[in-house]
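Chain residues, written in single-letter form:
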Amino acid sequence: MLDGFLTESILGKGIDAGLLEVAVHDLRAWTTDKHRTADDRPFGGGAGMVLKPEPVFAAIEQLQTPGCRRIYLTPDGVPLSPALAQDLSRQQHIIFLSGHYEGIDQRIRDHLIDQEISIGDYVLTNGTLAAAVVIDALGRFIPGVLGEEKSLTHESFTGKLLDFPQYTRPAEFRGMTVPKVLLSGDHGKIEKWRHARQVEKTQQVRPDLLKQTT
Ligand SMILES: C[S@@+](CC[C@H](N)C(=O)[O-])C[C@H]1O[C@@H](n2cnc3c(N)ncnc32)[C@H](O)[C@@H]1O
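Calculation notes
- Residues numbered from 1 in each chain as written.
- Predicted model: local features only at pLDDT ≥ 70, side-chain atom pairs only at ≥ 80, totals over all residues.
- Heavy atoms only, no water.
- UniProt positions renumbered as here; feature names shortened; annotations may be inferred.
- Buried < 20%, exposed > 50% of the residue type's maximum accessible area, 1.4 Å probe, protein only.
- Polar contact = N/O pair within 3.5 Å; in protein donor to acceptor, adjacent residues only side chain to side chain.
- Helix = DSSP H or I, 4+ residues; strand = E, 2+ residues; numbered from the N terminus.
- Contact = heavy atoms within 4.5 Å.
- Domains from an automatic or database assignment.
- Near = heavy atom within 4 Å.
- Areas by Shrake-Rupley, 256 points an atom, 1.4 Å probe, with all protein chains shown as cover.
- Nonpolar A, V, L, I, M, F, W, Y, C, P; charged D, E, K, R; others polar.

Draft legend 1. Quick peek at the UniProt feature "binding site: S-adenosyl-L-methionine" (unreviewed entry) in the protein chain. Following the UniProt record, one finds the feature "binding site: S-adenosyl-L-methionine" (unreviewed entry) at Gly-99, Ile-119, Gly-120, Asp-121, Tyr-122, Val-123 and Leu-124. The class of Tyr-122 is partly exposed, set by a relative accessible area of 44%. A polar atom in the side chain of Tyr-122 sits 3.0 Å from the backbone oxygen of Ile-119. Residue position: Leu-124 is located in the loop between β5 (115-118) and α6 (128-139). In contact with Leu-124, other than residues within four places in its own chain, are Ile-119 and Ala-130.

Printed below as a string of structure tokens:
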């Protein structure tokens, strides 16, 4: 699931340049029975399968390093935010645990995991893409990954506002024109126009952001 993600585009280049390193592990490598069983039916009944504690404890205990952060991706975790992504970008080593089916044995969460993160209020079939989303979001904060550091400063959520609209050449396409102010060369006016669009967009789609104080 992660091959293209780890080799292509901005993140792939960051990995190639040695700015971050990502290793993918198969939990079955830490199973001990001949069927390499990593999950089992839930106690108390119910549908689906639950990841067993033994291979997860064995894997994390072998892979962890002093001070590393052990994260479980889960819809009932703390929502991913830019501040959290930035905090994670400063960690030396993170282990992401991805659940499947019904999730993982609660004892793993209680005794092994340092932080639980959700990438949104919806349910995915497994945590692998969620881990990729977190890695992508934190990767953007690692110096050098984006190339041009300035590109971070105007993004959505910086200063609680969504981003402004972007245009590129041609100035006219099928009768659709670019706002004149962007062609004016007047940087003060452009800044003002962009800020107004940010406020407008945020009011329209995320008024909750304008009410947040932190
Ligand atoms: C089908 S989900 C399990 C959902 C769990 N039974 C619940 O209702 O909270 C399987 C796995 O996908 C991952 N997952 C699903 N949605 C996610 C989300 N929004 N954020 C992070 N991880 C998610 C988790 O690792 C989870 O263990």
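Draft legend 2. Broad picture of the domain arrangement of the protein chain. Domain assignment breaks the protein chain into domain 1 (5-139) and domain 2 (154-212). Each of domain 1 and domain 2 was reduced to a C-alpha centroid, and the two centroids are 36 Å apart.

Draft legend 3. Structural view of the side chain of Thr-128. With respect to the element layout, Thr-128 can be found in helix α6. Ignoring any residue separated from it by four or fewer positions in sequence, one finds Thr-128 in contact with Met-1, Leu-2, Ser-98 and His-100.

Draft legend 4. View of the site of the ligand. Neighbouring the ligand are 20 residues; Tyr-72, Leu-73, Gly-99, Tyr-122 and Leu-124 lie closest to it. In the environment of the ligand, an oxygen atom lies 2.6 Å from a nitrogen or oxygen atom belonging to the side chain of Tyr-72. Taking Thr-74, its main chain carries an N or O atom lying 3.3 Å from a nitrogen atom of the ligand. Contact with the protein chains removes 84% of the 580 Å² of surface that the ligand exposes when unbound. Secondary-structure elements contributing two or more residues to the shell around the ligand are β3 (69-79) and β5. Ranked by residues supplied to the shell around the ligand, first place goes to β3 with 4 residues. Broken down by class, the residue content of the shell around the ligand amounts to 10 nonpolar, 9 polar and 1 charged.

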